[in-house]
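Remarks on the overall topology
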Amino acid sequence: MDRFLPLTALLALVALPIDAARSQTTERAPDTMAARVLACAPCHGAEGEGTSDAYFPRLAGKPAGYLYNQLIAFRDGRRKYPPMNYLLEFQTDDYLKKIAEYFASLRPAFPQPVPPVDSKEVLARGEEIVKNGDAQHGIPPCSACHGPALGGMEPGIPGLLGLRAAYISGQLGGWRYGTRTALAPDCMQIVASLLTEDDVKAVAAYLSSRPAPADPSFAPRGSLPMPLECGSEPH
Amino acid sequence: MSRTSTGLLVGLLLALSPATASAQQKAADPAVIAKGEYLARAGDCIACHTAREGKTFAGGLPMKTPFGTLYTSNITPDPQTGIGTWTSDQFYQMMHNGRFPDGGLVYPAMPFASYTQVTREDSDAIYAYLRTVPPVKQLNKPHDLTFPFNNRSLILGWRTLFFREGEFKPDPTKSAEWNRGNYLVEGLGHCGMCHTPINALGGSKQSQAFEGGLIPMQNWYAPSLTSNKETGLGDWTIEEIVDYLRKGVSAKGAVYGPMAEVVYNSLQYLNDDDVRAMAVYLKGLAQGGAPEKASTSLPSAESSLLLSFGKSIYDRDCASCHGATGQGMPPDYPPLAGNQSIQMVSAVNPIRMVLNGGYPPGTSGNPMPHGMPPFAQKLSDDEVAAVVTYIRTAWGNRGEPVSARQANELRAATLN
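Residues numbered from 1 in each chain as written. Chains lettered and ligands numbered in written order. Predicted model: local features only at pLDDT ≥ 70, side-chain atom pairs only at ≥ 80, totals over all residues. Heavy atoms only, no water.

Side note on the domain arrangement of chain A
All names here are of chain A. The assigned domain composition of chain A is domain 1 (33-109) and domain 2 (112-226). For domain 1 and domain 2, the distance between their C-alpha centroids amounts to 20 Å. Between domain 1 and domain 2, the contact holds 18 residues from the first and 19 residues from the second. When domain 1 packs against domain 2, the two sides together hide about 1700 Å² of surface, and 52% of this comes from carbon and sulfur. At the boundary of domain 1 with domain 2, the tally comes to zero salt bridges. Linking domain 1 with domain 2 are 11 residue pairs in polar contact (both at pLDDT 80 or more). The class makeup of the residues in the side of domain 1 that touches domain 2 is six nonpolar, six polar and six charged. (Domains from an automatic or database assignment. Contact = heavy atoms within 4.5 Å. Buried area = accessible area lost by both parts, 1.4 Å probe. Salt bridge = Lys/Arg side-chain N within 4 Å of Asp/Glu carboxyl O. Polar contact = N/O pair within 3.5 Å; in protein donor to acceptor, adjacent residues only side chain to side chain. Nonpolar A, V, L, I, M, F, W, Y, C, P; charged D, E, K, R; others polar.)

Structure (structure tokens):
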């Protein structure tokens, strides 16, 4: 689309100078997704790269199906963050799908991971849960669904790298306290409620200390064992 | 109609109902059902009678009022929990006179004060349609109102003051189009429910208590549609009003706040003739002279400082979309110069737009709207006040300046 605009503009100038002059006063906004989602930029960055506020998540490069599920959940009030619930309230499924696909297609650079401030023990506990789970407390390994490289699985499971600790613990807390719910059966609700406060702190510290891959690589649909059933990731 | 004769009528209806009920077991004509579906859209029944992620028409949506919370009813044809046993007479009585089948009084949050205008034929069509929607077994949630508003007999007082029962009577001196517009705006559209205080019922503060409760709780201001001071529709072309109502965007302004819900759930589904008729009627209401010039309440030296501060913020944060001279990029980015909806005496709307941003509703005429970012985190109260003062007074706009305090108070407004 974009690429043809200058040509059209040129044609208009050559053929219809009067109309072109008039069209200056009635200039339209760019007919692009980038222009349409400028409303999201103050919190998620112009390319969905996130901002310096640790609580505002990156959107770029996450699986489109996952982003779409989140947009629907915000629109319908199942996932709560009032400024976003308000912005999306009167948008159609089709448009939310386009927005999700747009952010999924972007690849802005990841920020440098913050050097961990937590102790070695905390990080080791986090790594253990992420890779092997905790059989004694029934916690499945996060990698069983989010992938061995934690890059996520298409269509509905997001990667866990490139997120900051405050955001990760905020989301796990949201599931435990019911402000975030995913499509039923909500497997993350079960996982999150098996974790103790210390476990949450440990996985958040470990995950946020890992560098994110330059190119997100989702595991193909259905390729991971998934110890629980998830509504967002139908088989 | 006096209260005694209404009572008599109720008695008669009750006596007649078994016969009427059996007459209604016959399947209704598909054309009537389709018409009823369309009219239910025009009445926006779905917006109130469907909870978020709830079953269509099963009710349960909380409606916050200054007196507590009302929960809307299940109007699916389920015989136990919905209106499956109602006759078309009983349904008409609800729409027309705001009474339950047992004669009990309905809270005016159900817009019967407007629906009373709906013709019997149209009421029957809506009834026929509602009988065809999937029945849902879901008990009505009891209302949660504070004393004394939990006492339904209080509604009698409201009714005496503000309820005028009566079907729409066309005005023979006006065009058929104008009359159709009048019928839709004052009747099914229940536009006056938000666009008080000067509505067809002559409602005042007390009627707002019930009628407009929605708006004070939401902290949005719906301009009076009958006053030249408030709506700028006098300057709009019919085409622009039609675009605004049906697509949610127009060359003159975009739909935002609670009006977005009306366009999203109701107006976008109406046919071109009906929306045009509404526009013709609305334009008639807003005719006669330019809006009055507001008087400035800040001393001029102070306000000129505020203005230059406001201009610097505008040039930095707003001009890229709304244009250096407020011309916008219509219809995607609305113009602010000459935009009446930001110059009204109440500055609630422009302040909230700056704090919260917004998207016009996604409609079939504008399926992928452009949006405006929220500035609540970026701008301080002083900066919000300055930029809103600037857009209300620059480029020939005639609004009044706003204070940092007004901006601050709206930070806490409920968003959703």
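Read on for the rest.
Some details on the nonpolar core
Residues and elements named next belong to chain B. I126, L130, L188 and L245 are the most contacted members of the largest nonpolar core, which totals 55 residues. Looking at which element gives the most residues to this core, the answer is helix α6 (residues 120-130), with six residues. What L245 contacts, discounting residues up to four positions off in sequence, is M259, V263, L267, Q268, V275, M278 and L282. (Core = buried A, V, L, I, M, F, W, Y, C linked by side-chain atoms within 4.5 Å. Buried < 20%, exposed > 50% of the residue type's maximum accessible area, 1.4 Å probe, protein only. Helix = DSSP H or I, 4+ residues; strand = E, 2+ residues; numbered from the N terminus.)

Things to note about the interface of chain A and chain B
Taken together, the contact between chain A and chain B spans 29 residues of the former and 32 residues of the latter. With both sides pooled, the region where chain A packs onto chain B buries about 2700 Å², and carbon together with sulfur makes up 58% of that total. In terms of surface lost to chain B, no three residues of chain A exceed R36, Y86 and F90 of chain A, which account for 28% of the buried area on that side. Our enumeration of links across chain A and chain B arrives at three salt bridges. Here chain A is connected to chain B by 15 residue pairs in polar contact (both at pLDDT 80 or more). For the side of chain A that touches chain B, the secondary structure elements donating two or more residues are α3 (33-36), α4 (41-44), α6 (82-88) and α7 (93-105) of chain A. With five residues, α6 of chain A is the largest single contributor of residues to the side of chain A that touches chain B. Of the residues contributing to the side of chain A that touches chain B, the split by class is 16 nonpolar, five polar and eight charged.

Structural notes on the domain arrangement of chain B
The figure often quoted for interface size is the accessible area lost as the parts come together. Residue and element names in this part refer to chain B. Examined at the domain level, chain B breaks down into domain 1 (3-162), domain 2 (176-285) and domain 3 (300-410). Contact residues are listed per partner, giving 24 residues for domain 2 and 22 residues for domain 3. Both sides together, the interface formed by domain 2 and domain 3 hides about 1900 Å², and carbon and sulfur atoms give 61% of it. On the domain 2 side of the contact with domain 3, W220, Y221 and Y256 bury the most area, a combined 29% of that side's loss. The interface formed by domain 2 and domain 3 includes zero salt bridges. Our enumeration of links across domain 2 and domain 3 arrives at six residue pairs in polar contact (both at pLDDT 80 or more). When contributions to the side of domain 2 that touches domain 3 are tallied by element, the ones reaching two or more residues are α11 (238-247) and α12 (258-265). Here the element with the most residues in the side of domain 2 that touches domain 3 is α12; it accounts for three residues. Looking at the side of domain 2 that touches domain 3 residue by residue, the class counts come to 11 nonpolar, eight polar and five charged.

What about the packing of aromatic side chains?
Taken as a whole and assessed by the stated rule, the structure comprises 13 aromatic pairs over all chains. Here F90 of chain A and Y264 of chain B contribute two aromatic rings whose centre-to-centre distance is 5.5 Å and whose plane-to-plane angle is 55 degrees, an arrangement assigned as tilted. Remark: Y264 of chain B occurs in helix α12 and F90 of chain A occurs in the loop between α6 and α7; the pair is interchain, linking two chains. Take F90 of chain A and Y264 of chain B: they sit in the same class, and that class is buried. Here the aromatic rings of Y314 of chain B and W395 of chain B are separated by 5.2 Å at their centres, their planes lie at 65 degrees, and the arrangement is edge-to-face. Taken together, the residues Y314 of chain B in helix α14 (residues 300-317) and W395 of chain B in the loop between α17 (381-393) and α18 (404-410) connect sequence positions 81 residues apart. A relative accessible area of 0% places Y314 of chain B in the buried class. Members of the aromatic cluster, each reached through a chain of ring pairs, are Y314, Y390 and W395 of chain B. Note that R58 of chain A overlies the ring of F110 of chain A, its terminal NZ or CZ placed 3.6 Å from the centroid. Sitting over the face of the ring of Y269 of chain B, R41 of chain B holds its NZ or CZ atom 3.9 Å from the ring centroid. (Phe/Tyr/Trp six-rings, centres within 6.5 Å; stacked < 30°, edge-to-face > 60°. Lys NZ or Arg CZ within 6 Å of the ring centre and 35° of its normal.)

A look at helix α8 (residues 176-188) of chain B
Residue and element names in this part refer to chain B. If you check α8, its first and last C-alpha atoms are 17 Å apart, about what 13 residues at 1.5 Å a residue would give, namely 18 Å. α8 sits mainly inside the fold: 10 of its 13 residues count as buried. Every buried residue belonging to α8 is among W178, N179, G181, N182, Y183, L184, V185, E186, G187 and L188, and all of these are buried. Against the buried residues of α8 lie α2 (30-42), α4 (88-97), α5 (112-115), α6 and α13 (272-285). A positive phi of about 35 degrees marks H190, the residue just after α8. (Expected span 1.5 Å × (residues − 1).)

Points about the pattern of salt bridges
A complete count under the given rule lists 27 salt bridges over all chains for this structure. R75 of chain A serves as the salt-bridge partner of D93 of chain A, at 2.7 Å between the closest nitrogen and oxygen. Here R75 of chain A lies in helix α5 (residues 64-75) and D93 of chain A lies in helix α7, a separation of 18 residues in the sequence. You can call D93 of chain A partly exposed: its relative accessible area is 37%. Look at R75 of chain A and you get buried, because its relative accessible area is 12%. Members of the salt-bridge network, linked through shared partners, are E239, R246, D272 and R276 of chain B.

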